[in-house]
Every structure is written in C-alpha cells, then in structure tokens.
Amino acid sequence: DFILPLQEPELYRRYRVDVPNGVLFYGPPGCGKTYIARALAKKLDYSFFDITPSDLASPYVHGTQGKIGQLFEKAVAEAPALIFFDELDALIPDRSGDHVGHHYSTEVNEFLVQLNECGKRRIAVIGATNFLRKVDPAARRPGRLDKQVFIGPPDVEARQEALRLFMKDRPQSEIEWFEIAERAEEYSFAELKFIVDEAARVALSDRRP
C-alpha cells in the first residue's frame, strides 16, 4: 500500500488513486523503525533525510517553523526523497492538551501544510513514535500519515539475522544462533546490539573469539 504507489505513480494516477503522502511507524524503542525507513529509501532509490526534533529546534520565535519549510524545500530539490521524522510526537504533539504552547501550534500547522500533497511533489514522509496517541490527530487523518504500522520486537528469525549481522567480521568461534535468539525473546534490535558489543568487549579483554 505504501511502496508500490511510489514505484509506479503513473499507474496509480491512471486509476485516479492518490499516491500516499506518508506512513507512521509506532511501537517500542529500539525495534528498527529507523533501519526500516533507511532500507525503504534504498529500495526506492530515494534521497534520504533522517530528522530528529533537535535538528529542527531553534531558539527563535517561529525558527522551527522556518526550518520545517526549508527541509521540505531541500527534499523537493533532491526529489524523489524520503524524509524520516524520528520522535514525531516531540515535533508535532497533540495540541488538545493544555501543556502544548502556542509556538507548537504554528509548528504543527507548518508541518501539516508541507505534508499536504507532498506525494505529488515526489516526497514520501515516514514518522516514528513510541506513543501513537501523542502525535497530533490532524497528522493522522486521511490523506496525511493515515497508514499506521506497528513495529514491535523482532521474532526469533529476525533476532537470529540481527545477531549474525551484528557479529559480522568479528573474531568468533561456532555459535548456536537459534539458542541465543530463542533466549532473547522480547529483546529489541538495540538490546541485541548492546549484548553483542558487551560480549565483544569481554572477548577482547581476554584476547579470544
């Protein structure tokens, strides 16, 4: 529903089906949202912009609003492009809460304006959040980030592949991949990477695989 329209936009236009503007990944941290977004950009052969809230932060009034506009302008110049917004709830929080200041409203509005019909400008947007309901509802309505995909902890097969990937090119003896992956149930990719790095430090100190 997301990749094919970007690969064959003319086909979708012929059927008068809109090319999607974006998708929202949600789920616990460390489960590969950024990795999947980067892999999608590579598969589509799109320019990739990896954006965190700090990249757009500004000490000036409406400074963040201006940076959002500049980001989309740059993406248009390098189109086709995929913009990945990590921690989207921090950038466009739900404005219905009393804790959200007026400056956030202008930033959310700017984001929504840029998001509208960005698919027609050959820009795809992927947002990521650990807290789906904290993202402003206007961004989740049809025609915007209306496709929402849960990215949960990896299954045992994915954990095996992740362990092999993280262990690649490190000194190692024979490893029972399935046994380790099975024991690491509910571990995120980030936690698996941490375990491998810690094991490597111990092995390095002993000068052994």
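All figures in this text were calculated on a predicted structure; none of them were measured in a lab. (Residues numbered from 1 in each chain as written. Predicted model: local features only at pLDDT ≥ 70, side-chain atom pairs only at ≥ 80, totals over all residues. Heavy atoms only, no water.)

Enquirer: Looking at this model, I keep getting lost on helix H10 (residues 189–206). Mind explaining?
Expert: Quick reminder: α-helices carry 3.6 residues per turn. Residues three or four places apart thus point the same way. Its 18 residues place the ends of H10 26 Å apart at the C-alpha level, agreeing with the 26 Å of an ideal helix rising 1.5 Å per residue. Along H10, the residues that are buried comprise Leu192, Val196, Asp197 and Ala203. What you see down the axis of H10 is that its buried residues fit within an arc of 135°, all on one side. Turned more than 90 degrees away from the buried face of H10 sit Phe194 and Arg201, all of them exposed. Against helix H8 (156–167) lie the buried residues of H10. Count one or two residues on from H10 and you reach Arg207, which has phi positive near 55°. (Helix = DSSP H or I, 4+ residues; strand = E, 2+ residues; numbered from the N terminus. Expected span 1.5 Å × (residues − 1). Buried < 20%, exposed > 50% of the residue type's maximum accessible area, 1.4 Å probe, protein only. Arc of directions from axis to C-beta. Contact = heavy atoms within 4.5 Å.)

Enquirer: What is the right way to look at the pattern of salt bridges in this model?
Expert: Working definition: two side chains of opposite charge can pair if their charged atoms are close together. Overall, the coordinates contain eight salt bridges when judged by the stated rule. The partner of Glu198 in a salt bridge is Arg201, with the nearest N and O atoms 2.7 Å apart. With Glu198 and Arg201 both in helix H10 and three residues apart, the pair spans about one turn of that helix. One salt bridge in this structure joins Arg208 and Asp206, with 3.3 Å as the shortest N-O distance. Relative accessible area serves as the criterion here: at 45%, Arg208 is assigned to the partly exposed category. Through salt bridges with shared partners, a single network forms among Arg170, Lys193 and Asp197. (Salt bridge = Lys/Arg side-chain N within 4 Å of Asp/Glu carboxyl O.)

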